[in-house]
Amino acid sequence: MPIALLALAVGAFGIGTTEFVMMGVLPQTAATFGVDIPTAGHLISAYALGVVVGAPLLTAVAVRLPRKTMLLAMMALFTAGNLLFAVAPNQEFGVVFRFLAGLPHGAFFGAGAVVASSLVKPGDRAKAVSLMFLGLTLANVVGVPLGTLLGQQVGWRATFAVVAVIGLVAVLAIAKLVPHQGRPESPSLRGELGAFRRPQVWLALAIVTFGLGGVFACLSYVTPMMTDVAGYDPQAVTLLLALAGVGMTIGNLLGGRLADKALMPSLYVALLALAAVLAVFTVTAHNKVGAAITIFLVGVAGFMIGPMMQTRVMVKAGGAPSMVSAAVQSAFNVANSIGAYLGGLVIAGGLGLVSPNWVGAGLAIVGLTIAVVSGSLDRREEAARTPAMAEA
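Residues numbered from 1 in each chain as written. Predicted model: local features only at pLDDT ≥ 70, side-chain atom pairs only at ≥ 80, totals over all residues. Heavy atoms only, no water.

**Quick word on the overall build of the chain**
Part 1: Scanning the chain from N- to C-terminus turns up 15 helices and 0 strands.
Part 2: The C-alpha radius of gyration of the chain comes to 20 Å, within 12% of the 21 Å expected for a compact globule of 392 residues.
Part 3: Seen through its C-alpha atoms, the chain measures out along the principal axes to roughly 70 × 45 × 35 Å.
Part 4: When each of the 392 residues of the chain is scored for burial, the buried share is 56%.
Part 5: A separation of at least 24 residues holds for 85% of the contacts in the chain among residues at least 6 apart in sequence.
Part 6: Accessible area for the chain stands at about 15,700 Å²; split by element, carbon and sulfur atoms hold 71% of it.
Part 7: Charge centroids of the chain, computed over 21 positive and 13 negative side chains, lie 8 Å from each other. (Helix = DSSP H or I, 4+ residues; strand = E, 2+ residues; numbered from the N terminus. Rg over C-alpha atoms; globule rule 2.2 N^0.38 Å. Buried < 20%, exposed > 50% of the residue type's maximum accessible area, 1.4 Å probe, protein only. Contact = heavy atoms within 4.5 Å. Areas by Shrake-Rupley, 256 points an atom, 1.4 Å probe, with all protein chains shown as cover. Lys, Arg positive; Asp, Glu negative; His and termini not counted. Charge placed at Lys NZ, Arg CZ, Asp CG, Glu CD.)

Okay, here's the thing in structure tokens:
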């Protein structure tokens, strides 16, 4: 695999760390800014909003830029946003700077996925994309736990200063290791937006939204599940989340390899496995060993889906992959919001702390249903092309 993928993975590691470490240092940040925890939670929402807004907006603005230039610009903006947040004087500025840091998230992954797939032969594209996303999953194993520990021992400002340094390292690595890409062929905003007229693109984004929504319905409430249901001490939750992160890393790499061999059949298996694991979690959550094993498997099954869908959406976009590739990150964050909302809804309705797993299983089944519809459209299109080619 090209060494340029390492540079992309470093950027993904920084992005993954800053997105999720905020949850770990939220109490310290709230104390510094003199606000309560729910108010400090706006710092998490601001980042997510930045991702959703920035993915299409910045991709549209930079559609004529060479993709290497796009990557450098996005990582520079990411670095600046985190550095500014590290010195934010109050909650209001903090929200603005977190929004700023989130803006380049989707555009970076969108351009990065296109660049990663262009560096290898066609049969290795999903594997290359998964290696870039390896940085994102490793952030959950290494970056978030260490960032949380640093925030607790030294202060949350130090955590985000280190994230800014990671961003700077990514800028230097991309500048040195990623080859010049040239301008995209026939670049135009109209062409990029035209990809959204394809039903298969929307079906792919829907699979991401519902399939990964199932993952987040579970993970959003995994802490009370592990402490109040499984019986773990709160101090053990960090290790359990790291275990889930190891599962995500394995799932990401496995998903990339399976997608290059048989994308749609592998996607069906991943979504069905996710639904089954989440359903089983409603039982195993009551046992420490069973809960730990299951949370690992949730990570594996859930994050197999990511490289599969990133690859599929680029294929279905035809010659205009940048905008739809970035849109996958918006769909990912919508999945996060939907999963967390519906999971909270069933808990509030008195159905118990394990009930979000049933919601997650249901969302995964919805994602599987959409995937089956998408696959059937593929077969119809192929059947329609075969007679036409025979006549020609």
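**Thoughts on the layout of surface pockets**
Part 1: Of the pockets and cavities examined, the largest pocket occupies roughly 1,200 Å³.
Part 2: In this structure, the largest pocket is lined by 37 residues; those nearest its centre are Phe20, Met23, Gly24, Leu219 and Leu241.
Part 3: Of all the secondary structure elements, the ones that give two or more residues to the lining of the largest pocket are α1 (4–24), α2 (26–33), α4 (42–61), α7 (125–153), α10 (199–219), α11 (222–229), α12 (237–284) and α14 (321–348).
Part 4: The residue inventory of the lining of the largest pocket, partitioned by class, reads 23 nonpolar, 13 polar and 1 charged. (1 Å grid on protein atoms, 1.4 Å probe; cavity = no way out; pocket = protein on both sides within 12 Å on 5 of 7 lines; lining within 4 Å. Points joined across faces, edges and corners; volume = space filled by probe spheres on them. Nonpolar A, V, L, I, M, F, W, Y, C, P; charged D, E, K, R; others polar.)

**Comments concerning the environment of Pro104**
Part 1: Take Pro104: it is sitting in helix α6 (residues 91–118).
Part 2: By relative accessible area, which is 1% here, Pro104 ends up buried.
Part 3: Residues Pro104 and Val52, 52 residues apart in the sequence, show an inter-C-alpha distance of 9.8 Å.

**Some thoughts on the side chain of Thr79**
Part 1: Along the chain, the position of Thr79 falls in helix α5 (residues 67–86).
Part 2: Thr79 sits in the buried class, given a relative accessible area of 13%.
Part 3: A polar contact of 2.8 Å, which involves the side chain of Thr79, links it to the backbone oxygen of Met75.
Part 4: Apart from the residues within four sequence positions on either side, Thr79 is in contact with Ala164, Gly167, Leu168 and Val171. (Polar contact = N/O pair within 3.5 Å; in protein donor to acceptor, adjacent residues only side chain to side chain.)

**A few points about the nonpolar core**
Part 1: Of all hydrophobic cores here, the largest spans 101 residues; its most connected members are Leu8, Phe108, Met226 and Leu267.
Part 2: In terms of residue count, α12 provides more of this core than any other element does, 14 residues in total.
Part 3: What Leu8 contacts, discounting residues up to four positions off in sequence, is Leu71, Phe108, Gly112, Val115, Ala116, Met132 and Val178.
Part 4: One finds Leu26, Ala40, Ala86 and Phe160 within the second-largest nonpolar core, a separate group that totals 14 residues. (Core = buried A, V, L, I, M, F, W, Y, C linked by side-chain atoms within 4.5 Å.)

**Quick look at the packing of aromatic side chains**
Part 1: What the rule picks out here adds up to 9 aromatic pairs.
Part 2: Centre to centre, the rings of Phe33 and Trp156 are 5.3 Å apart; their planes meet at 70°, and the pair counts as edge-to-face. Pair noted here: Phe33 is in helix α2 and Trp156 is in helix α8 (residues 156–177), with a separation of 123 residues, a long-range link. Across the pair, exposure class does not vary: Phe33 and Trp156 are buried alike.
Part 3: Aromatic pair Phe93 and Phe97: ring centres 5.9 Å apart, planes at 35°, arrangement tilted. You can see Phe93 and its partner Phe97 sitting in helix α6, 4 residues apart, about one turn around the helix. (Phe/Tyr/Trp six-rings, centres within 6.5 Å; stacked < 30°, edge-to-face > 60°.)

**Here we look at α11**
The α-helix advances 3.6 residues per turn, and as a result positions three or four apart in sequence lie on the same side.
Part 1: Here α11 has its buried residues at Val222, Met225, Met226 and Thr227.
Part 2: Note on α11: the residue one or two positions beyond its end, Gly231, has a positive phi of about 95°.

**Some words on the packing of α6 against α7**
Part 1: Relative to each other, α6 and α7 sit at 140°, their axes nearing to 8 Å. With respect to each other, α6 and α7 are oriented oblique. For the crossing formed where α6 meets α7, the hand is right-handed. Here Phe109, Gly112, Ala113, Ala116 and Ser117 of α6 lie close against α7, whose contacting residues are Arg125, Ala128, Val129, Met132, Phe133 and Leu136. (Axes fitted to C-alpha atoms, helices over the stretch in contact; angles between N-to-C directions. Parallel < 35°, antiparallel > 145°, perpendicular 65-115°, else oblique. Left-handed = near helix turned anticlockwise from the far one by under 90°.)

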